[in-house]
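# Descriptive structure summary
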Amino acid sequence: MSIEKKAMQRIEKEFKDMTSKDSLYSIGRDSNNLFKWNAMIQGPEGTPYAGGMFSIDIKFPKNYPFSAPKFTFKTQIYHPNINSEGSICLDILKDKWSPPLTVEKVLLSITSLLADPNPDDPLVGEIGELFKSNKFLFNQRAREWTERHA
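Given the structure is predicted, the values throughout are model-derived calculations rather than measurements.

Conventions we followed
- Residues numbered from 1 in each chain as written.
- Predicted model: local features only at pLDDT ≥ 70, side-chain atom pairs only at ≥ 80, totals over all residues.
- Heavy atoms only, no water.
- UniProt positions renumbered as here; feature names shortened; annotations may be inferred.
- Helix = DSSP H or I, 4+ residues; strand = E, 2+ residues; numbered from the N terminus.
- Contact = heavy atoms within 4.5 Å.
- Expected span 1.5 Å × (residues − 1).
- Buried < 20%, exposed > 50% of the residue type's maximum accessible area, 1.4 Å probe, protein only.
- Arc of directions from axis to C-beta.
- Pairing = 2+ DSSP bridges.
- Axes fitted to C-alpha atoms, helices over the stretch in contact; angles between N-to-C directions.
- Phe/Tyr/Trp six-rings, centres within 6.5 Å; stacked < 30°, edge-to-face > 60°.
- Lys NZ or Arg CZ within 6 Å of the ring centre and 35° of its normal.

Glancing now at the UniProt feature "active site" (unreviewed entry) in the protein chain. UniProt tags Cys89 as "active site" (unreviewed entry). Counting through the fold element by element, cysteine 89 comes out in the loop between β4 (70–73) and α2 (103–115). Setting aside residues up to four positions removed in sequence, cysteine 89 forms contacts with Asn81, Lys94, Leu113, Asp121 and Leu123.

Listed below in structure tokens is the structure:
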């Protein structure tokens with residue numbers, strides 16, 4: 001069986017798992033391309049993102065799960081680890097990826113990142129600095145962006 005065929009089977013299984021139970025995340029996929037999904041995640045309670053709904057595109061590589069999918073925020077967000085193009089700085093999407101990880105586990109990690117940013121490894125330096133130096137102002141700006149965009 002080809003690597004791409006195995007990837008399709010794994011992607012199909014994960015899609016069924018996430019749509020057949022009470023998942024925290026809303027998942028859709030491109031009807032013409034099983035390798036492209038969209039997820040909607042809620043901003044975690046007790047954070048400046050609470051009340052927001054964030055859209056994330058997911059693109060699977062042909063050799064999934066041996067390589068990480070690409071997760072991209074489509075909803076603008078004010079966060080030190082997510083840039084204006086929607087790229088996410090998260091170790092499990094880079095060098096800490098391993099085949100047992102699933103889309104649902106990555107989305108859970110992204111939700112945790114929203115609740116607990118990592119300003120010491122920022123993708124957007126000035127937002128990371130603001131998070132460290134003036135958390136009140138950071139939270140205010142993040143809330144404003146969430147109200148405006150999410």
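Moving on: unusual backbone geometry. Residue proline 65 is reached from tyrosine 64 by a cis peptide bond, and omega for that bond is 10°. Along the chain, the position of proline 65 falls in the loop between β3 (53–59) and β4.

This paragraph deals with α2. With 13 residues, α2 ought to run about 18 Å at 1.5 Å a step, and its terminal C-alpha atoms sit 19 Å apart, in line with that. For α2, the set of buried residues is Val103, Val106, Leu107, Ile110, Thr111, Leu113 and Leu114. Angular distribution of buried residues about the axis of α2 spans 155°; they occupy a single face of the element. In this fold, the buried residues of α2 make contact with α1 (3–19), β1 (26–30), β2 (33–42), β3 and β4.

Moving on to the sheet that holds β4. In space, the four strands of this open sheet follow the order β1-β2-β3-β4, with antiparallel pairing throughout. Each edge of the sheet is formed by a strand with only one pairing partner; in this case those strands are β1 and β4. Adjacent strand axes in the sheet meet at a mean angle of 25° when their direction is disregarded. For β2 and β3, the ladder comprises seven bridges, and the chain directions are antiparallel. Along β3, the bridge assignment pairs isoleucine 41 with phenylalanine 54. Taken strand by strand, α1 contacts β1 and β2, and its axis lies near 30° from that of β2.

Here we take up α1. Since there are 3.6 residues in each turn of an α-helix, residues three or four apart along the chain are aligned in direction. If you check α1, its first and last C-alpha atoms are 24 Å apart, about what 17 residues at 1.5 Å a residue would give, namely 24 Å. Taken together, the buried positions of α1 are Ala7, Arg10, Ile11, Glu14, Phe15 and Met18. In an axial view of α1, the angular spread of the buried residues amounts to 135°, which keeps them on one side of the axis. Structurally, α1 contributes buried residues whose contacts are with β1, β2 and α2.

Attention shifts here to the UniProt feature "domain: UBC core" (unreviewed entry) in the protein chain. The UniProt record annotates "domain: UBC core" (unreviewed entry) at residues 6–150. As a span, residues 6–150 carries 35% helix and 18% strand, and end to end its C-alpha atoms are 35 Å apart.

This next bit is on the packing of aromatic side chains. On inspection of all chains with the given rule, the structure shows nine aromatic pairs. For the ring pair tyrosine 49 and phenylalanine 54, a centre distance of 6.2 Å and an interplane angle of 75° mean the geometry is edge-to-face. We note that tyrosine 49, like phenylalanine 54, is buried. Centre to centre, the rings of phenylalanine 131 and phenylalanine 138 are 4.9 Å apart; their planes meet at 85°, and the pair counts as edge-to-face. Across the pair, exposure class does not vary: phenylalanine 131 and phenylalanine 138 are buried alike. Three or more aromatic residues joined by ring pairs make a cluster, and in this case those are Phe15, Trp37, Phe60, Tyr64 and Trp97. Geometry around phenylalanine 15 places arginine 29 over its ring, the cationic atom sitting 3.9 Å from the centre. The residue whose ring lies beneath lysine 62 is phenylalanine 35, and the NZ or CZ to ring-centre distance is 4.1 Å.

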